[in-house]
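Per-entry structural report
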Amino acid sequence: MKINVQPKEGLLVNAFLVMFFIHSVQTGVGIVGLPRIVYIAAKHDAWISVFLGGLFSAFVLAMIVLMLKKYESADLYGIQVDVFGKWLGNALNVFYMMYMTISFFVILMNYIEIIQVWIFPEMPTWQISLALILLTIYAVNGGIRIIVGVAFMSVLGTLWMVFILVVPMQYADPKNLLPLLNTDLKHIINGVYKTSLSLMGFELLMFLYPYVKDKKKIFMYTQIANLYTTVFFTAVTMVCITFFAENGLARTIWPVLSMFKIVRLPNLERFEFIAVSFWMLVILPNMCAYLWAASKGFNRIINWKQKKGIWIIGILVWGGSFFIKARYQMNELSDFVAHLGFLSAFCYPVLLSMLVLVKKWFLRRKKSSAEAS
Amino acid sequence: MQKLPKCNLILWTICLMTMILCAGCIQQKPLEKLGLITTSGYDLAGKNKIKGTAVVQKFDPMTRAATKVITSYAKTTKGLRQQENLQSNQKLVSGQLRSVTYSRELAKKGIIQLVDTLNRDAAIGNMVYLTIADQTASEIMQIENRNKGNLNLGTYMYNLIKQNVEGEQVISPTLHEFNHNYYDIGRDPVLPILKVKGKDVIISGVGLFQEDRLVDELKQGDLFYLKILVDKYKAGTKEMGFKTEQLKKLILKNENYTRKPIFSKIYVTVDNIRSKTKIKLVNKKNLHFRVDVKLDSRVLEMTQALDLGKPASVKFLQKKFDQQMKKKVEELLLRFKELGIDPVGLGNEYEAHLRGKTITKEEWDRVYKDVTFDVHVKNTIERTGVID
């Protein structure tokens, strides 16, 4: 396997668009439940946890960019083989593919659950998942440029939802945030950890990188994207903490949607219907990106056509959707993916980039000493 | 590359077909076949049983009377729905529920389980009004029948409360606010009490809750002071009574008013009140709160001619207002303390200053007994209408 990927000129995307890509893969199904999950861990200082989580992901992103810049145009599949050798590297590649497939699955199932609870209780899971998976496959078939385009559309198309936050703010009780920093460090760190499921997604940069045209600018754009996500998540968490009573937030499964319930438009009593429907636009780039990156593995590891991989993963995920029936199963699965995501999206890239840095430094020293002698 | 369009065409077709499949398979809800529950009331009916009365709005082009009152008995509210459905030719849905009324008896026993189901149901909005019936809830729902179905009680009650909330006469009793106050440790909810008067339903006062149990009731006059404490006024109105001796200094002698006043006391009404209240915990150890109330208003009516031309006399009147309001606010706070209820949210303020530990409901109830207050009221009469 070649370490570097040399895509055709026509397949490249602008570095500017990476900003939209990163933000939209970070913002997904997690944010709907994030305030509650972090609140349970870090109480009314949850927003600090979310903010720290954002800073942490900024650090990881910086490390990833640093690592990627050591290569000319490589993706994670190539780097792992380069660092760990053919066998171990490919084993890790397969593992990462599995991780991305499961992430795809969890995003899909979480969204289906939301649809079933909020709008169509009678709709069977297999129908919604079939429709969504086919839509994703269709988008991914179009290639990376289409996926980045979907991400761009998704960010622009849902930007207005940020302003809806103003409505619940009118019912907010800012006293709920006081006293600041009353939670001890252990719980705040725990909250940071719980944020991981929602901030996940930026690790896909490791697969997108070869397709970026202007690779020098990538650091700035990824940081801007992550900063925006962080500020947005922190704001949502803050509004949720002030909007709900202390024991109320811990009981609400999807606080952001429950918050939207108070929005009333003159000819539309229930705004959350729109919010839930629009949420598909938010999660679509997530699903596309995960499916694309995972199916890319088939192409990179065993040199199949990527299209085959897309269908294999699509059918696998669709088959998997038959096994999830109840809320508690969903909970267990989400928790599992949160753990997995923390390891593979936060810890592993940092470790890997350190290894890469050490390796490159070592090689350079060897080379220079060879030249010297 | 050449094959791509064909493949995409097939994908498109499958995509579209599943979409159509999805849209066709879910349960449809045509409006003509639905009965929209717009308001419902719950009473306790003997042991382990509740009585539910619902006002249903129908969309039937054939009939004119478009509402119907349905009564049934069951153990849970969703059980009631089943029973009610048996009495209706249209499927009952609760997406348009505007207000819910609980009987006084139920409210005294606690309503949180009944409110919980409203929270749990995704079909029910967060802005549903919760109210308490002075006697039974079914009595209020039956008003619809007394008006021969012409009143449209659901909308009527919704507008009754909404109009008064906007007119700053009632504290907003939405489901969201009830939840917020109930689940907050240092705070208790308040809900309006509705009463039947002739063929109408009116707001008679405000029920004070201890957690989810109704423990006391405030009359309209005292409600003003509660609202000052929990909320702020943007354009409120208040009528205040003074003994004649108190304002003797201000009474105009040679005015064309009747020599003998009609009332034995002097009443002054101020309106356009803008109030701002700050509640601060000044002493954390002794739990001493300082309540600062600031009101800007104008005098609009008085039952005896008062001289308001001179700055000194306006100041005098302001001072009288201050004294009376201060007394009332203090009385109210002490009454809350005695009842062990906290609609003002003093516990919230206490909690916001509590560093290093969290407080439980029991702890707050215990320390609440030792709370002391220091009330400061400052009135400013900005105007006296178009005449002095």
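1. A closer look at the overall build of chain A
Along chain A, the regular secondary structure elements total 18 helices and zero strands. Counting across all 373 residues of chain A, residues that qualify as buried make up 59%. Sequence-distant contacts in chain A: of pairs separated by 6 or more residues, those separated by 24 or more amount to 85%. Accessible surface computed for chain A: about 15500 Å², of which carbon and sulfur atoms make up 70%.

2. Here we look at the side chain of B:Ser88
All names here are of chain B. As for its placement among the helices and strands, Ser88 is situated in the loop between α2 (77-85) and β4 (91-93). Judged by its relative accessible area of 15%, Ser88 falls in the buried class. A polar side-chain atom of Ser88 sits 2.7 Å from the main-chain carbonyl oxygen of Gln90. Residues contacting Ser88, with those up to four places away along its chain left out, are Lys68 and Ile70.

3. A word on a positive patch on the surface
Residue and element names in this part refer to chain B. A cluster of like positive charges, contributed by Lys232, Lys234, Lys276, Lys278, Lys280, Lys294 and Lys378, occupies part of the molecular surface. At three residues, the largest contribution of residues to the positive patch is made by strand β11 (residues 265-283). Among the secondary structure elements, Lys378 is positioned in strand β13 (residues 372-383).

4. Concerning the pattern of salt bridges
All names here are of chain B. Per the stated rule, a full pass over the model turns up 19 salt bridges over all chains. Ionic pairing is found between Asp216 and Arg335, a salt bridge with its closest N-O pair at 3.0 Å. Of this pair, Asp216 sits in strand β9 (residues 213-218) while Arg335 sits in helix α10 (residues 311-339); the two residues are 119 residues apart in sequence, bridging distant segments of the chain. Its relative accessible area of 26% is what places Arg335 among the partly exposed residues. Its salt-bridge partner being Lys227, residue Asp231 comes within 3.0 Å of it at the nearest N-O pair. Residue classification places Asp231 among the partly exposed positions, given a relative accessible area of 34%. Classification of Lys227 as buried rests on a relative accessible area of 4%. Within the structure, one salt-bridge network assembled from shared partners comprises Arg104, Asp134, Glu217 and Lys219.

5. Concerning the sheet that holds β13(B)
Residues and elements named next belong to chain B. Here we have four strands laid out as an open sheet, ordered β10-β11-β12-β13, and mixed in their pairing. Bordering the open sheet on either side are β10 (236-243) and β13, each of which pairs with just one other strand. Along the sheet, successive strands turn relative to each other by an average axial angle of 40 degrees, direction set aside. Taken together, the seven bridges between β10 and β11 define a ladder with antiparallel strand orientation. Residue Lys243 lies in a different strand from β11, and its bridge partner there is Lys265. Relative to β13, α10 is tilted by about 145 degrees, and along the sheet it contacts β10, β11, β12 (288-302) and β13.

6. Remarks on the interface of chain A and chain B
Facing 41 residues of chain A, the contacting portion of chain B comprises 43 residues. Interface area lost by chain A to chain B is led by A:Tyr138, A:Glu246 and A:Lys261, which between them contribute 16%. In this structure, the connection of chain A to chain B is made through two salt bridges. Here B:Glu349 makes a salt bridge to A:Lys175, at a shortest N to O gap of 3.1 Å. At the surface where chain A touches chain B, the tally comes to nine residue pairs in polar contact (both at pLDDT 80 or more). Only α5 (86-118), α6 (125-141), α13 (218-243), α14 (246-251) and α17 (306-320) of chain A provide two or more residues apiece to the side of chain A that touches chain B. Take the side of chain A that touches chain B: its biggest share by element is ten residues, from α6(A).

7. Topic: the environment of A:Leu197
Residues and elements named next belong to chain A. Mapped onto the secondary structure, Leu197 falls in helix α11 (residues 196-199). Each C-alpha atom, one on Leu197 and one on Leu352, is 20 Å from the other, the two residues being 155 residues apart in sequence. Contacts of Leu197, omitting those with residues within four sequence positions, involve Ser334, Val337 and Ala338.

8. Structural notes on the nonpolar core
Within the largest apolar cluster, 132 residues are counted, with the highest numbers of intra-cluster contacts made by A:Phe21, A:Met100, A:Leu204, A:Leu205, A:Phe207 and A:Leu257. With near-sequence residues (within four places) excluded, A:Phe21 lies in contact with A:Ile147, A:Val148, A:Ala151, A:Leu204, A:Leu208 and A:Ala289. Membership of the second largest hydrophobic core comes to 54 residues, among which are B:Ile228, B:Ile279, B:Leu287 and B:Phe316.

9. Looking at the pairing of strand β2 (residues 50-58) of chain B
Put simply, side chains in a regular strand alternate between the two faces of the sheet. All names here are of chain B. Across the nine residues of β2, nine count as buried, placing the element largely inside the fold. Because side chains alternate across β2, one face comprises the buried residues Ile50, Gly52, Ala54, Val56 and Lys58, and the other comprises Lys51, Thr53, Val55 and Gln57, equally buried. By the bridge criterion, nine bridges tie strand β1 (residues 34-44) to β2 in an arrangement that is antiparallel. The residue bridging Thr39 from the neighbouring strand is Val55, located in β2. If you look at the hairpin formed by β1 and β2, you'll find five residues sitting between the two strands, and Gly46 has a positive phi there, around 75 degrees. Where β2 meets strand β3 (residues 67-74), eight bridges bridge the pair, whose relative direction is antiparallel. Of the residues in β3, the one forming a bridge with Ala54 is Ile70.

10. Focus on unusual backbone geometry
Residues and elements named next belong to chain A. Of note in this structure, Lys43 is not a glycine but carries a positive phi near 50 degrees. What makes Lys43 partly exposed here is its relative accessible area of 38%. Despite not being glycine, Asn303 has its phi angle at roughly 60 degrees, a positive value. Under the relative-accessibility criterion, Asn303 is labelled exposed at 65%.

11. Section: the packing of helix α4 (residues 112-120) of chain B against helix α8 (residues 175-183) of chain B
Residue and element names in this part refer to chain B. Contact geometry for α4 and α8: axes closest at 11 Å, N-to-C directions at 125 degrees. As judged from the angle between their axes, α4 and α8 are oblique. Remark: the crossing between α4 and α8 carries left-handed chirality. Here Ile112, Val115, Asp116, Leu118 and Asn119 of α4 come into contact with α8, specifically with Leu175, Phe178, Asn179, Tyr182 and Tyr183. When its residues are assigned to classes, the contact of α4 with α8 shows seven nonpolar, two polar and one charged.

12. Observations regarding the confidence of the model for chain B
In this model, chain B carries a mean pLDDT of 84, and residues with pLDDT of at least 70 account for 94%. Of the two predicted TM-score estimates for the complex, the pTM is 0.87 and the ipTM is 0.81.

13. A closer look at the packing of helix α16 (residues 272-301) of chain A against α17(A)
Residue and element names in this part refer to chain A. One way to put it is that α16 packs onto α17 with a least axis distance of 7 Å and a crossing angle of 125 degrees. Comparing the axis directions of α16 and α17 gives the class oblique. Between α16 and α17 lies a crossing of right-handed hand. On α17, the residues that touch Leu291, Trp292, Ala294, Ser295, Lys296, Phe298 and Asn299 of α16 are Gln306, Gly309, Ile310, Ile312 and Ile313. Among the residues making up the contact of α16 with α17, the classes are represented as seven nonpolar, four polar and one charged.

Rules used throughout
- Residues numbered from 1 in each chain as written.
- Chains lettered and ligands numbered in written order.
- Predicted model: local features only at pLDDT ≥ 70, side-chain atom pairs only at ≥ 80, totals over all residues.
- Heavy atoms only, no water.
- Helix = DSSP H or I, 4+ residues; strand = E, 2+ residues; numbered from the N terminus.
- Buried < 20%, exposed > 50% of the residue type's maximum accessible area, 1.4 Å probe, protein only.
- Contact = heavy atoms within 4.5 Å.
- Areas by Shrake-Rupley, 256 points an atom, 1.4 Å probe, with all protein chains shown as cover.
- Polar contact = N/O pair within 3.5 Å; in protein donor to acceptor, adjacent residues only side chain to side chain.
- Patch = residues over 30% accessible without salt bridge, like charges linked within 9 Å, V, L, I, M, F, W, Y side chains within 5 Å.
- Salt bridge = Lys/Arg side-chain N within 4 Å of Asp/Glu carboxyl O.
- Lys, Arg positive; Asp, Glu negative; His and termini not counted.
- Charge placed at Lys NZ, Arg CZ, Asp CG, Glu CD.
- Pairing = 2+ DSSP bridges.
- Axes fitted to C-alpha atoms, helices over the stretch in contact; angles between N-to-C directions.
- Buried area = accessible area lost by both parts, 1.4 Å probe.
- Core = buried A, V, L, I, M, F, W, Y, C linked by side-chain atoms within 4.5 Å.
- Parallel < 35°, antiparallel > 145°, perpendicular 65-115°, else oblique.
- Left-handed = near helix turned anticlockwise from the far one by under 90°.
- Nonpolar A, V, L, I, M, F, W, Y, C, P; charged D, E, K, R; others polar.
- pLDDT = per-residue confidence, 0-100.

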